[in-house]
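The chain contents come next:
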Amino acid sequence: MLKHLVDLIDTKKNISWVQRNLNHKLRSFSRNTSVRRKSKNLGISNKLHNQVVEKFVEEALRENIPRITAKELLSSLEKNDDHTTIDKALESAFLKYAEAFIPQEKLEKFNSLRSISDIRFPSEWFPDARQMKRKIILHVGPTNSGKTYRALKRLEEAETGIYCGPLRLLAHEIFEKMNEKGVACNLLTGEERREVAPFAPLTSSTVEMASLNKTMDVAVIDEIQMIADPDRGWAWTQALLGLKAKEIHLCGEASAVPLVKKICETLNEEVVVNNYERLTPFVVSSDTLRNNLSSVTKGDCIVAFSRREIFQLKEKIERATGLRCAVAYGGLPPETRALQAKAFNDPQSGFDVLVASDAIGMGLNLNIRRIIFSTVQKFDGSDFSYISIPQLKQIAGRAGRFNTAYAKGEVTTLKERDIFYVRQAVSAPIIPLEMAGLQPTVDILELFALQLPDEKFSGLLQKFEDLASLNGDYFLCNFKDQKAIADRLEHIKLPLKDRYQFVTAPVNIRTESSLEMIELLAKTFSENKTCTLDDVITLPNVAPKSALENLESSHRNIMLYMWLSLRYPDTFTTTPEHANSVKTRCEVMIDDVLKSTSYAKTKKRGTNKQVRHSKNKERQDIKH
């Protein structure tokens, strides 16, 4: 067990380990379905594919394939210890090798598709930004180091500027703070636009909504390490490459510094790095709770990684200690998370403990004395695996907060067996990010689609993924959710640009009610009808305790409606004021249900109806 944990943290591999893994993967390469599908997209038949694979494996075993040797792969692993490094290298090398076998009659179309899906130089997408002499200023440090404060002070002084945040909650917070200080600031998120003045000097936005058309003095991009996020990283890349600001302040983890420097070097732009240390210390305790929840005390935050476990822990802690627990997890609206955080922070609220998921890692101001990991493993969709070192560090960093009663933080675990991993992860060196996310523009996809007029939209996305060329600084962000939504909407007639809007809408593909809602709204748009929010959402007058899941689902659908209404106001006609009123009412109801669910004063046996789920859903991870 200890050796396995050390291996997770000590990422060094030796050449014999790489050679064994490479040989194993080459022997099973003919059974790789992903490679077979991509080979088919090159125009290579199944029979020809088998022949090409046989030749490729033979050449690779003789070390005749560029970059496919144990020595070169070991070098790649030392730079980026991703468990898929060897698979990716093999796949890339094979597809390059297979191009020589493409039938002549398929070659012209392949070359055309390959040319359109060549996104090796994304900086060229933003010619106006390339004409500017921009200064890039990094503010990097751990959680609770004050790194964002200095950047925001510079924004506050600017004649024109923008804040780009990862969450609408953070965009709202900056919007409110700036206006409270008398600095006029507008708000722009995926679901909402608020203008305090038509020509307000500042805008606070979510990063996906950052305006790339306006020239300004200062831009602040928060949580820059998200540039490597497999789903949303493209938005940070787009902001970094495309914002027309004289100064761009990037705030986040030090892991992003080498990647940002590498990208900015290709842009010939100056980079300044400001490093920050924690304002308050935290320590990893030598003692664990030894699975005794009665040891939980006021100011503690217990971290779990499934909704079901969060509610189970809440019940057990309240029964064992008499302390009431607030909760925060990814499925809750960010606004409700903020209300729960506010209750936890308020010494007079009666909520002394927080039970939360990794959703606390970003966007919430929390006064936490001690972080307690109930587990250090998380379900990844197929199996349980250890949470990543950066993620654990970010959560642990929430312990202790400057200028509060808990100036010094503490980190521990519920179970004795987990403390070693926490201790080693906290002291592990920073793992630098290797690549930034990219996503093709709708114009690129439109050109790509012209070459494949009979292909369904999810197929277009898949083929683009298979054929896209990127340089070593970038990766293509995940199309998984978009492909699932595209398949759901395939039967609805939509122009490509509108179809692209609908498949990129904020839909939880694991929830049938979300998929039903996007289908209904897309059908309404396709049939040129109108739809109000009240047509599709009905909230109860008073929410019973058993209504939590339904209210969470309703909130997701309200946000989806608002997102589409911002883009298609002639179809989704509810006013922003009314939509916001319904949204707020739903958030307050969810908060009321959570606060009314308490086990602190009762010893009666029973089950919490709110947390009955199917076995599959119980194990589903909570995403940010």
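Residues numbered from 1 in each chain as written. Predicted model: local features only at pLDDT ≥ 70, side-chain atom pairs only at ≥ 80, totals over all residues. Heavy atoms only, no water.

*Asks:* I'd love a proper account of the overall build of the protein, names of residues and values included.
*Replies:* Check the secondary structure of the protein and you find 25 helices and 18 strands. Its C-alpha radius of gyration of 26 Å places the protein within 12% of the 25 Å reference for a compact globule of 624 residues. Across its three principal directions, the C-alpha atoms of the protein cover 75 × 60 × 50 Å. A buried classification covers 52% of the 624 residues belonging to the protein. Across the protein, contacts joining residues at least 24 apart in sequence account for 78% of those joining residues at least 6 apart. For the protein, the exposed surface amounts to about 29,300 Å²; the carbon and sulfur share of it is 50%. Side-chain charges in the protein split into 90 positive and 80 negative, and the spacing between the mean points of these groups amounts to 5 Å. (Helix = DSSP H or I, 4+ residues; strand = E, 2+ residues; numbered from the N terminus. Rg over C-alpha atoms; globule rule 2.2 N^0.38 Å. Buried < 20%, exposed > 50% of the residue type's maximum accessible area, 1.4 Å probe, protein only. Contact = heavy atoms within 4.5 Å. Areas by Shrake-Rupley, 256 points an atom, 1.4 Å probe, with all protein chains shown as cover. Lys, Arg positive; Asp, Glu negative; His and termini not counted. Charge placed at Lys NZ, Arg CZ, Asp CG, Glu CD.)

*Asks:* Break down the side chain of Asp 222 for me, with residues and values.
*Replies:* Structurally, the position occupied by Asp 222 is in the loop between strand 6 (215-221) and helix 11 (233-242). For the buried Asp 222, which has no salt bridge, the nearest side chain bearing the opposite charge is Lys 147, at an N-O separation of 6.8 Å. Contact partners of Asp 222, with chain neighbours within four places excluded, come to Thr 148, Tyr 163, Cys 164, Gly 165, Pro 166, Leu 170, Trp 236 and Cys 251. (Salt bridge = Lys/Arg side-chain N within 4 Å of Asp/Glu carboxyl O.)

*Asks:* Tell me what's going on with the nonpolar core, and back it up with residues and numbers.
*Replies:* Judged by nonpolar contacts, the single largest core of 186 residues is most densely connected at Leu 243, Ile 360, Ile 371, Phe 373 and Phe 502. Broken down by element, the residue count for this core peaks at nine residues, all from helix 23 (residues 548-567). Apart from residues no more than four positions distant in its own chain, Ile 360 is found in contact with Cys 301, Val 303, Ala 328, Leu 354, Leu 366, Ile 371, Ile 395 and Arg 398. (Core = buried A, V, L, I, M, F, W, Y, C linked by side-chain atoms within 4.5 Å.)

*Asks:* Now, about the domain arrangement of the protein: what can you tell me, with residues and values included?
*Replies:* In terms of domains, the protein is made up of domain 1 (1-102), domain 2 (123-275), domain 3 (285-427) and domain 4 (505-599). Counting residues at the interface gives 18 residues for domain 3 and 14 residues for domain 4. Between domain 3 and domain 4, a total of about 1,400 Å² is buried, with carbon and sulfur atoms accounting for 58% of that surface. Where domain 3 touches domain 4, the interface holds two salt bridges. Between Glu 552 and Arg 307 there is a salt bridge, with the nearest N and O atoms lying 3.3 Å from each other. Only helix 13 (307-321), strand 11 (324-328) and helix 14 (334-345) provide two or more residues apiece to the side of domain 3 that touches domain 4. Examining the composition of the side of domain 3 that touches domain 4, we find that six residues originate from one element, helix 13, more than from any other. Residues belonging to the side of domain 3 that touches domain 4 are distributed by class as follows: eight nonpolar, three polar and seven charged. (Domains from an automatic or database assignment. Buried area = accessible area lost by both parts, 1.4 Å probe. Nonpolar A, V, L, I, M, F, W, Y, C, P; charged D, E, K, R; others polar.)

*Asks:* I'd love a proper account of the sheet that holds strand 7 (residues 244-252), names of residues and values included.
*Replies:* Reading across the sheet, the eight strands line up as 4-3-5-2-6-7-1-8 and stay open at both edges, with mixed pairing between neighbours. Edge positions in the sheet fall to strand 4 (193-194) and strand 8 (270-275), since each of these pairs with one other strand and no more. Inspection of the sheet shows strand 3 (residues 185-188) paired to strand 5 (residues 202-206) by four bridges, in the parallel sense. Residue pairing in the sheet places Leu 187 in a bridge with Ser 204 of strand 5. (Pairing = 2+ DSSP bridges.)

*Asks:* Outline the sheet that holds strand 10 (residues 300-303), supporting the account with residue identities and numerical values.
*Replies:* Paired through backbone hydrogen bonds, the strands of a sheet run either parallel or antiparallel to each other. Spatial ordering of the open sheet is given by 9-16-13-10-12-11, a layout of six strands whose pairing is parallel. Edge positions in the sheet fall to strand 9 (282-284) and strand 11, since each has one partner strand and no second. Averaged over all adjacent pairs, the angle separating strand axes in this sheet is 25 degrees, with direction ignored. Summarising the sheet, strand 13 (residues 370-373) and strand 16 (residues 409-413) pair through four bridges and their orientation is parallel. Paired with Phe 373 across the two strands is Thr 413, which belongs to strand 16. Contacting strand 10, strand 11 and strand 12 (351-356), helix 14 crosses the sheet at an angle of about 140 degrees to strand 12. (Axes fitted to C-alpha atoms, helices over the stretch in contact; angles between N-to-C directions.)

*Asks:* I'd like a description of helix 13, backed by residues and values.
*Replies:* Under the 1.5 Å per step criterion, the end-to-end length of helix 13 is 21 Å for 15 residues, consistent within 8% with the ideal 21 Å. Every buried residue belonging to helix 13 is among Arg 307, Ile 310, Phe 311, Leu 313, Lys 314, Glu 315, Ile 317, Glu 318 and Arg 319, and all of these are buried. Where helix 13 is buried, its residues touch strand 10, strand 11, strand 12, helix 23 and helix 24 (576-596). In the stretch just after helix 13, Gly 322 is the one whose phi turns positive, near 80 degrees. (Expected span 1.5 Å × (residues − 1).)

*Asks:* Requested: an account of the packing of helix 21 (residues 512-526) against helix 23, with residues and values cited.
*Replies:* Closest axis-to-axis distance for the helix 21/helix 23 pair is 10 Å, and the angle between their directions is 30 degrees. As far as their axial angle goes, helix 23 and helix 21 are roughly parallel. In the packing of helix 21 onto helix 23, the handedness of the crossing is right-handed. For the pair helix 21 and helix 23, contact is made by Ser 513, Ser 514, Met 517, Ile 518 and Leu 521 and by Ser 553, Arg 556, Asn 557, Leu 560, Tyr 561 and Leu 564, respectively. Within the contact of helix 21 with helix 23, the residues separate by chemical class into six nonpolar, four polar and one charged. (Parallel < 35°, antiparallel > 145°, perpendicular 65-115°, else oblique. Left-handed = near helix turned anticlockwise from the far one by under 90°.)

*Asks:* If you had to explain the confidence of the model for the protein to someone new, which residues and values would you point to?
*Replies:* Of the residues in the protein, 93% have a pLDDT of 70 or more, and the chain-wide mean is 89. The low-confidence segment residues 1-12 (pLDDT under 50) makes 16 contacts with residues lying over four places distant or belonging to another chain. Contacts of residues 602-624 to residues separated by more than four positions or lying in other chains number 53 contacts, the stretch itself having pLDDT below 50. (pLDDT = per-residue confidence, 0-100.)

*Asks:* I'd like to hear about the pattern of salt bridges, residue by residue, with values.
*Replies:* Within this structure, the stated rule accounts for 39 salt bridges. Arg 232 is the salt-bridge partner of Glu 208, the closest N and O atoms lying 2.7 Å from each other. Within this pair, whereas Glu 208 is found in the loop between strand 5 and strand 6, its partner Arg 232 is found in the loop between strand 6 and helix 11, the two being separated by 24 residues in sequence. Each of the salt bridges in this network shares a partner with another, and the network as a whole consists of Arg 168, Glu 335, Lys 583 and Glu 587.

*Asks:* Requested: an account of the pairing of strand 16, with residues and values cited.
*Replies:* Counting buried residues along strand 16, four of its five residues qualify, which places the element largely inside the surrounding structure. Two strands pair when backbone bridges link them, and strand 9 and strand 16 are joined in this way by three bridges, in the parallel orientation. Looking at strand 16, one finds that Phe 282 is bridged to Gly 409.

*Asks:* I'd like to hear about the layout of surface pockets, residue by residue, with values.
*Replies:* What the second largest pocket holds in volume is close to 490 Å³. Forming the boundary of the second largest pocket are 18 residues, of which Leu 169, His 172, Glu 176, Glu 335 and Ala 338 lie nearest the centre. Among the elements of the structure, helix 10 (168-180), helix 14 and helix 24 are those that each provide at least two residues to the lining of the second largest pocket. With six residues, the top contributor of residues to the lining of the second largest pocket is helix 14. (1 Å grid on protein atoms, 1.4 Å probe; cavity = no way out; pocket = protein on both sides within 12 Å on 5 of 7 lines; lining within 4 Å. Points joined across faces, edges and corners; volume = space filled by probe spheres on them.)

*Asks:* Quick rundown of the UniProt feature "domain: Helicase C-terminal" (unreviewed entry) in the protein? Include the residues and the values.
*Replies:* As annotated in UniProt, the feature "domain: Helicase C-terminal" (unreviewed entry) corresponds to residues 288-446 in the numbering used here. Counting secondary structure, residues 288-446 comes out at 31% helix and 21% strand; the distance between its end C-alpha atoms is 56 Å. (UniProt positions renumbered as here; feature names shortened; annotations may be inferred.)

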